Amino acid sequence: MADTRYNPYITAQEQFDKVSRMLELDEPTRSLLRQPLREYHFLIPVRMDSGKVEVFKGFRVQHNDARGPAKGGIRFHPQETADTVRALAMWMTWKCSVVDIPLGGGKGGVICDPHSLTDREQEQLCRGWVRQVSRNIGPDTDVPAPDVMTSAKHMLWMLDEYETIRGGRYPGVITGKPVSMGGCLGRAEATGFGVVYALREALSELNLDPGKMRASVQGFGNVAQNAIRLFNSLGGTVTAVSCWDQAESRGCTYRKKDGIELEKLLEITDPYGGVDKDRARDMGYEVLNGEEWIGQEVDVLIPAALENQITPSNISRVSGSVKVIAEGANGPTTPGADAVIREKGIFLIPDFLANAGGVTCSYFEQVQSNMNFYWEKEEVLEKLDRKMTAAYRAVSSLASKKNLYMRDAAYVIAINRVAEAVRHRGWV
Ligand code: NAD
C-alpha cells in the first residue's frame, strides 16, 4: 500500500513549483501547468456475479494537451484517489515532454480491488468506465493505456466498448492492446527495459561495470520483471524483490544473496505480481518484511511498485553501498527524501524519465495503428533504446552543466517544452 501520509498531488505540485521558480515562469503559465486542464469523476454501476449491483468510483484526468492528445494509463486499485490520478496525469505530461513525443498527459483510475473481482465483473467495469467517458476520450483527444492491475485484456474490452458506441473501428483510441489486435510488439517489456536503458547510460557515465552491480527491486509486476530481465542480461544481479502479499495484506521482500532466478520465480508469481510465499521458501528464498528491500547492501535500488515508498522516515535505511536509484514507479520518492538522496551523493534517475519507455512504446503503437503497418519487435526496441538514451543524455548533460539534481534537470527540459507549446498556442 502506498504511504497515505504523503499526497502525491502535493508532491507533484511541489516539484513543479520548485522548478517553475527556477525558470521564472510567468504566473498564468504556472497556474495553467500546476493543475489539470480537465477532470471527470463518475460512478460505474456493475451487476456482480451474485446478481447484486455494486457502484464503483472512476476518474479520468487530462492534465495538459498542448503538445498532443492526453495520454496515460488506467489503474484499478483499492487505494486510488482523485489526487493520485491528478498527480499521475501531471507526471504523464512531463514524461511525454522529456522524451519529446507529441502527446500530453492524462491518467485514469477506478477504486476497486481486482483480486476480488471475476473476469466478467472486470469486463463490466471496463465497459462501464468507457461508457462514462466515451465523449471525452478519442484517438485525437485522449488515449488511455494499461497501468497498475490493468492489462491488454482490459484494454481490448475498453476498445470494443468504445467502437460499439461509436460504430466504427478506432484502434488508435487505446494502446496496450493485445499484439494480435493491433498492439505493439515490445510494449510489455518497454517500461522495464526503458528503466534499464537509462540505468545502463548512468552506470557508464559513473564508470561502473553493470556486470558487477547488485540491485534490490521493489515490486514484481510488469515494470520490475522486465527491468530485472534486461538488468540480468547486462550481467547485473538482483538480490531482493518485494511485492504485495494479498492474503496477509502486507508487503514481503524475497531475498537470495547470490541472485534471484527470474524465470523460476515467475513460475510461482500470480498475474498481479504477487509471489507464493511458501513455495518461495521451498526454493531457498529468505522471506523478509516488505520494507526490507530498501535497506539491502546493493549498488542499485529500483522502486517499481507504487508512489511514496522512499520517504524521510525510511531514507536513513538506504545502505552506503547504494550508488544509483532508478525510479521505475511513478512518484516513489517524496520531496523530503529527495533532499537526503542528493546530500548522500546517490545518483537519481527520476521517474518520469526512467519509466518513459512505456508511453514511448504506446506512442509507437499509435503510429503503427494509424499506418495500419506493424514493426518487428527488434525495430521497436531499437527505436525505444534510441529515444530513451537521447532523453537520458539530454537530462544528464543539463544536470552536469548547471549542477542540477537530475529530477530538477528533467523538469527543466519537460516544463520548458510544455510552456513553449502553451505560449505558441496563445493560451497564455
Ligand atoms: P503491476 O501491477 O504489474 O505491479 C505492481 C507490483 O508492485 C506488484 O508486484 C505488487 O505486488 C507490488 N506492490 C504493490 N504494493 C506494494 C507494496 N506496498 N510493497 C511492495 N510491493 C508492492 O504494476 P506495474 O505496471 O509494474 O507498475 C509499477 C509502477 O510503475 C507503478 O507506479 C506504475 O504507475 C509505474 N509505471 C508503469 C508503467 C507500465 O507500463 N506498466 C509505465 C510507467 C510507470
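In this convention, every chain numbers its residues from 1, walking through the sequence in written order. Reporting of local features is limited, given that this is a predicted model, to residues whose pLDDT is at least 70; pairs of side-chain atoms are given and counted only at 80 or more, and all residues count toward the totals for whole chains, interfaces and linings. Side-chain descriptors were evaluated using all non-hydrogen atoms of the structure, hydrogens and water having been removed beforehand.

## Some details on the overall build of the protein
Then step 1. Counting its regular elements, the protein contains 14 helices and 12 strands.
Then step 2. For 428 residues, the compact-globule estimate of 2.2 N^0.38 gives 22 Å, and the C-alpha radius of gyration of the protein, at 20 Å, lies within 12% of that figure.
Then step 3. With respect to the principal axes defined by its C-alpha atoms, the protein has extents near 55 × 55 × 45 Å.
Then step 4. Whether two residues are in contact is decided by their heavy atoms, any of which lying within 4.5 Å being enough. When contacts within the protein are restricted to residue pairs at least 6 apart in sequence, long-range pairs at least 24 apart make up 72% of them.
Then step 5. Surface summary for the protein: the accessible area is close to 16,800 Å², and the carbon and sulfur share equals 48%.
Then step 6. Here the protein contributes 52 positively and 55 negatively charged side chains, and the mean placements of these two sets differ by 3 Å. Under the scheme used here, helices are H or I runs from DSSP no shorter than 4 residues and strands are E runs no shorter than 2 residues, and both carry numbers assigned from the N terminus. Note on method: radius of gyration uses C-alpha positions; expected globular size equals 2.2 Å times residues raised to 0.38. In these tables, accessible area is a Shrake-Rupley quantity obtained with a 1.4 Å probe, and a residue counts as shielded only by the protein chains included in the view. Counting rule for charge: Lys and Arg are taken as positive, Asp and Glu as negative, and neither His nor the chain ends is counted. Taken as the charge location is NZ of Lys, CZ of Arg, CG of Asp or CD of Glu.

## A word on helix α14 (residues 406–424)
Then step 1. The terminal C-alpha atoms of α14, which comprises 19 residues, lie 27 Å apart, in line with the 27 Å expected from a rise of 1.5 Å per residue.
Then step 2. Most of α14 is tucked away: 14 of the 19 residues are buried.
Then step 3. Gly426 sits one or two positions beyond α14 and adopts a positive phi of about 80 degrees. Working rule for helices: expected span equals 1.5 Å times residues minus one. Each residue is placed in one exposure class: buried if its accessible area under a 1.4 Å probe, protein chains only, is under 20% of its type's maximum, exposed if it is over 50%, and partly exposed if it falls in between.

## Considering the packing of aromatic side chains
Then step 1. The pairing test for Phe, Tyr and Trp rings, Trp by its six-membered ring, is centres within 6.5 Å, and the orientation test on the planes gives stacked under 30 degrees, edge-to-face over 60, and tilted for anything in between. A full pass over the atoms with the stated rule returns 8 aromatic pairs.
Then step 2. Measuring from centroid to centroid gives 5.7 Å for Phe16 and Trp94, while their planes differ by 5 degrees, and the two rings are stacked. In this pair, Phe16 is assigned in helix α1 (residues 8–22) and Trp94 in helix α3 (residues 82–98), connecting sequence segments 78 residues apart.
Then step 3. Accessibility expressed as a relative area gives 0% for Trp94, which makes it buried.

## Concerning the sheet that holds strand β2 (residues 53–64)
Within a beta sheet, neighbouring strands are joined by backbone hydrogen bonds and run either parallel or antiparallel to one another.
Then step 1. As summarised here, the arrangement of the 5 strands in space is β1-β2-β4-β3-β5, forming an open sheet in which the pairing is mixed. The open sheet has two edge strands, β1 (38–47) and β5 (142–146), and neither has a second partner. Averaged over neighbouring strand pairs, the angle between their axes works out to 20 degrees when direction is ignored.
Then step 2. As paired strands, strand β3 (residues 70–77) and β5 are joined by 5 bridges and run parallel to one another. Its bridge partner lying in β5, Gly73 is registered against Ala145. For two strands to pair, DSSP has to find at least two bridges joining them. Lines fitted to the C-alpha atoms define the axes, with helices restricted to the stretch that makes contact. Angles between their N-to-C directions range from 0 to 180 degrees.

## Things to note about the sheet that holds strand β10 (residues 300–303)
Then step 1. Pairing in this open sheet of 7 strands is mixed, and the strands run β9-β8-β7-β6-β10-β11-β12 from one edge to the other. In the strand order of this sheet, the two ends are held by β9 (286–289) and β12 (347–349), each with one partner. Averaged over neighbouring strand pairs, the angle between their axes works out to 20 degrees when direction is ignored.
Then step 2. Inspection of the sheet shows β10 paired to strand β11 (residues 324–326) by 2 bridges, in the parallel sense.

This is a description of form; function is not addressed.
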